[in-house]
Amino acid sequence: MNWRRFLGTDTLLPYLLLLPTLAYLLVFFLVPLGNAISLSFWGEEGFTAQHFLGMFQDVKFGEAIKNTFFLALSIVPLQLITALLLAMLVNTRFRGSKFFLYLYALPLGISDLAAGLVWLAIFTQHGYLNSILMALGLIERPIYFISYQNVGLTFLTIVLAEHWRATAIVLVILVAGLQMISRDYLEAAEVLGAKRWQKLWYVILPLLKPSLQSALIIRTIFALQMFAVAIALGGEIVPVLAGESYYWYSSYRNPHIASAYAVLLMAISLGMTWVYLRFLRTRPEVTRL
Amino acid sequence: MRSVKLILAAVLAVGLLAAGQEITWMSTQFVPIEEAEWVRNTLLPPFTQQTGIEVNFLGSEYAAFVDRLMAEHEAGQGTIDVICGLHGDFSSVLPTLADVSHLLPTIPGTLPPAMVELAQMGGIQAYIPLMQATYLMVINKAALDYLPEGVDIWALTYDDLLAWARNIYEATGEKKLGIPAGPGSLLHRFIHGYLYPSFTGYQVLAFDSGAAVRMWEFMQELWGYVNEAAPTWDAMDTPLLTGEVLIAWDHTARLKGAIVERPDDFIAIPSPAGPMGRGFITVLAGLGIPKTSPNPEAAAELIRYLTSPEAQVAILEGVGFFPVVEEAAGAVPPGALQILAAGVSAQAGSPDAIVSFIPGGISDEYKKIYRDTFTKFVIRGEPVDTEFLRQQATRLRELYLEAGAPYPAPDG
């Protein structure tokens, strides 16, 4: 059978192939998105800002927005640095580097709630860490790592857990990016007498920028939406926006305020994505060297 | 050879009978997966054996439960034969319910008249009481070493509790009192059903009273002896078992795990009393039949089975809900459940009891009002602000007004 004749024109084919994905996006993404937006703005008397006002007046709102931002701001840069170091290490292609890549990617396969619970088992009052510290005689009685009186420490446990769990996705993106950089550039830099850090700063990082951009966008959005790890470790101590949205929907059964939280979260995510696209823009002439 | 044929024929007949008699039981109770499995694999098989009626058990969240019953009612045609829910669940679906008063004389046990009366709503017997639950305290026997002199654990007051927890802290340097305050906890029940009635006599009407201010100030002091991880705990059984707490308050079902594991270490005791009395919640669940039930006779058969003393004790053993049928109370075997049952009956029978009900028919936002107030004054330790209390009280009354729902006991 002649495909081109069958489809009429060969320019139609790509669109036909895209159709299933588009249908999927429409049903599972765009429709719920539209619903959430309309739920957040429509009340019994039509258009209203009442649900957003309700959200702003929520006792948890201030804390949730503060925690969400601080968590994203502490987790993402830390992950980027760790992942960059690990990616460069793996990219030296030492013996067994593949094995390490898989090892580092392992936490990706674990659900976020399960990861939160694993770390809870470590940090809880009678958890692994306290047991080890006490067995070594370093402390006399357990340290309250998770405590409403020490929000900072609880916050740190969440950062650690999330760092362990989700750094691998950045690593995978950066390794792929590094492998696309042609050795020619590095060799040229060496011939011109570039030192190690100069190669990193003037050759690798600029060429890695598109990968960094994707990694940053993905990770920042996921960090803003982070929920299960914060709930498992922080409970009511460290409320986050996604969690409040969930509780307004499931526990307090107010889909309007739940949607207001979700729409706010979406606006923040869009804003952050715009910032990355704007400030990490790669000029075509740089990449097409 | 003939006997084999006969047996085969009998098996086939029973099979056909059972296939013809299948009923659907929708329930807002026994929803957690392990409880639903227990209902299907342990509670129901003897019933199917006795009667040949197959039961399709359907655990449902409250919202889906209401939506489905209302939809079937409006369609005038149903698939649900029998329902199980809390008292408040029944009041939300009242128009869909058939009167079940004709079943009362056929129940194979004695139901307390007060409970039967409570289940009468809108001029009909809306449901048959099935089981009850409550929230109380469980203590590790090790805590008795620190019990202040002259304090009777069976008639504990909130002041006694404070002195007790302080004694433990001063002796061990650890905060051993446990109140579940995690996101999935039942903290709101503690506030509206225990603290408020005990300190102010009401759960809604005195929300912003002077007595309430004194109550919140008391809680700020008591919180100083509550384990610092409390805001992450949804249930107290694990912290009791690990020894993170020695004294804990929670729902019986969320305490049961600890006593089952180590029955010799724990005692269940009544919740404390405040200046107004001993406020506590009685949760009552029951069984009803929708008007659109395709098979009300088989549904009635199931209700009779579930209210038999044997099934009542089985429910207590399986999921920790306590019997309502009087004959069942004496049939609880020794062990963990007897320990819990002793606490439950001591609490129910206390002379200074103030019984509270769980609000029904109003937006669940009321939970947030109690919990947010707790978060602000107790967890964050902000000074008790009467203006904030007044705002929350106004919002709380609005919720009842919007829904046209009555204030629950002890207010109503």
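How each quantity is defined
- Residues numbered from 1 in each chain as written.
- Chains lettered and ligands numbered in written order.
- Predicted model: local features only at pLDDT ≥ 70, side-chain atom pairs only at ≥ 80, totals over all residues.
- Heavy atoms only, no water.
- Phe/Tyr/Trp six-rings, centres within 6.5 Å; stacked < 30°, edge-to-face > 60°.
- Helix = DSSP H or I, 4+ residues; strand = E, 2+ residues; numbered from the N terminus.
- Buried < 20%, exposed > 50% of the residue type's maximum accessible area, 1.4 Å probe, protein only.
- Expected span 1.5 Å × (residues − 1).
- Domains from an automatic or database assignment.
- Contact = heavy atoms within 4.5 Å.
- Salt bridge = Lys/Arg side-chain N within 4 Å of Asp/Glu carboxyl O.
- Pairing = 2+ DSSP bridges.
- Buried area = accessible area lost by both parts, 1.4 Å probe.
- Polar contact = N/O pair within 3.5 Å; in protein donor to acceptor, adjacent residues only side chain to side chain.
- Nonpolar A, V, L, I, M, F, W, Y, C, P; charged D, E, K, R; others polar.
- Core = buried A, V, L, I, M, F, W, Y, C linked by side-chain atoms within 4.5 Å.
- 1 Å grid on protein atoms, 1.4 Å probe; cavity = no way out; pocket = protein on both sides within 12 Å on 5 of 7 lines; lining within 4 Å.
- Points joined across faces, edges and corners; volume = space filled by probe spheres on them.

### Topic: the packing of aromatic side chains
Residues and elements named next belong to chain B. Tallied over the entire structure, the rule returns 38 aromatic pairs over all chains. Both rings, one in Y158 and one in F199, keep their centres 5.2 Å apart while their planes meet at 45°; by these two values the pair is tilted. Residue Y158 is located in helix α7 (residues 158-172), and its partner F199 is located in helix α8 (residues 187-200); the two are separated by 41 residues in the primary sequence. Comparing Y158 with F199 shows no difference in burial state: the two are buried.

### Some words on α8 of chain B
Residue and element names in this part refer to chain B. In this model α8 runs 18 Å from its N-terminal to its C-terminal C-alpha over 14 residues, within 8% of the 20 Å that 1.5 Å per residue would give. Of all 14 residues making up α8, 14 are buried, and the element is well covered by its neighbours. Residue G201 follows α8 closely and has a positive phi angle near 90°.

### Things to note about helix α16 (residues 365-379) of chain B
Look at α16 of chain B: 20 Å from first C-alpha to last across 15 residues, which is about the 21 Å you get at 1.5 Å a residue. Counting buried positions along α16 of chain B gives 15 out of 15 residues, so the element sits mostly inside the fold.

### What about the domain arrangement of chain B?
All names here are of chain B. Under the domain assignment, chain B is made up of domain 1 (2-132 + 284-335) and domain 2 (134-282 + 348-403). Here domain 1 and domain 2 have C-alpha centroids that lie 33 Å from each other. Each partner contributes residues to the interface: domain 1 has 11 residues there, and domain 2 has seven residues. Counting across the domain 1 and domain 2 interface gives zero salt bridges.

### With respect to the pairing of strand β1 (residues 22-27) of chain B
Residues and elements named next belong to chain B. By the criterion of burial, β1 is predominantly enclosed, with five of the six residues buried. By the bridge criterion, three bridges tie β1 to strand β3 (residues 82-86) in an arrangement that is parallel. Opposite W25, over in β3, you have V82 as the bridge partner.

### Details of the pattern of salt bridges
All names here are of chain B. Scanning the entire structure with this criterion turns up 25 salt bridges over all chains. Note that E174 is salt-bridged to K176, the shortest N-O span being 3.1 Å. For R395, the salt bridge identified is with E398, shortest N-O distance 2.8 Å. Linking R395 with E398, this pair stays in helix α17 (residues 386-403), spanning three residues, or about one helical turn.

### Observations regarding the interface of chain B and chain A
Listed per partner, the contact involves 31 residues of chain B and 27 residues of chain A. Counting the surface lost from both chain B and chain A, the interface buries some 2500 Å², and carbon and sulfur atoms represent 51% of this. Its largest share of buried area at the contact with chain A, chain B owes to P183, E228 and K368 of chain B, together 27% of the area lost on that side. The interface formed by chain B and chain A includes four salt bridges. One salt bridge connects K368 of chain B with D58 of chain A, and the closest N-O pair in it is separated by 3.1 Å. Applying the counting rule to chain B against chain A returns 14 residue pairs in polar contact (both at pLDDT 80 or more). Going through the elements one at a time, α4 (62-75) and α16 of chain B are the ones with two or more residues in the side of chain B that touches chain A. It is α16 of chain B that provides the largest number of residues to the side of chain B that touches chain A, a total of seven residues. Across the side of chain B that touches chain A, the residue classes break down as 10 nonpolar, nine polar and 12 charged.

### Notes on the environment of N140 of chain B
Residue and element names in this part refer to chain B. With respect to the element layout, N140 can be found in strand β6 (residues 128-140). Residue N140 is classed as buried on the basis of its relative accessible area, which comes to 10%. Non-local contacts of N140, meaning those with residues more than four positions away in its chain, are made with L246, D265 and F266. Only 3.0 Å separates the side chain of N140 from the backbone nitrogen of A142, close enough to count as a polar contact.

### Overview of unusual backbone geometry
Here the bond from A409 of chain B into P410 of chain B is cis, since omega is 5°, no more than 30 degrees from zero. Among the secondary structure elements, P410 of chain B is positioned in the segment after α17. Even without being a glycine, R93 of chain A presents a positive backbone phi close to 55°. Structurally, R93 of chain A is set in the loop between α4 (61-91) and α5 (97-105). The residue F30 of chain B is not glycine, and still its phi comes out positive at about 60°. The topology assignment puts F30 of chain B in the loop between β1 and α2 (33-43). Classification of F30 of chain B as buried rests on a relative accessible area of 1%.

### Quick notes on the nonpolar core
Generally speaking, soluble globular proteins have nonpolar side chains that are buried together. Residues and elements named next belong to chain B. Residues W25, W216, W223, I247 and L302 are the most contacted members of the largest nonpolar core, which totals 159 residues. Here this core gets nine residues from one element, more than from any other, and that element is β6. No fewer than three residues from each of domain 1 (2-132 + 284-335) and domain 2 (134-282 + 348-403) sit in this core. Here I247 is in contact with M137, V138, I139, A143, L161, W164, I168, K176, L177 and G178, once residues within four sequence places are set aside.

### Describing the layout of surface pockets
Of the voids in this model, the second largest pocket is the one considered here, and its volume is about 1000 Å³. Along the wall of the second largest pocket there are 30 residues; nearest its centre are Q50, N254 and I257 of chain A together with E365 and R395 of chain B. Elements represented by at least two residues in the lining of the second largest pocket include exactly α3 (50-57) and α13 (255-279) of chain A together with α16 and α17 of chain B. Looking at the lining of the second largest pocket residue by residue, the classes come out as nine nonpolar, 11 polar and 10 charged.

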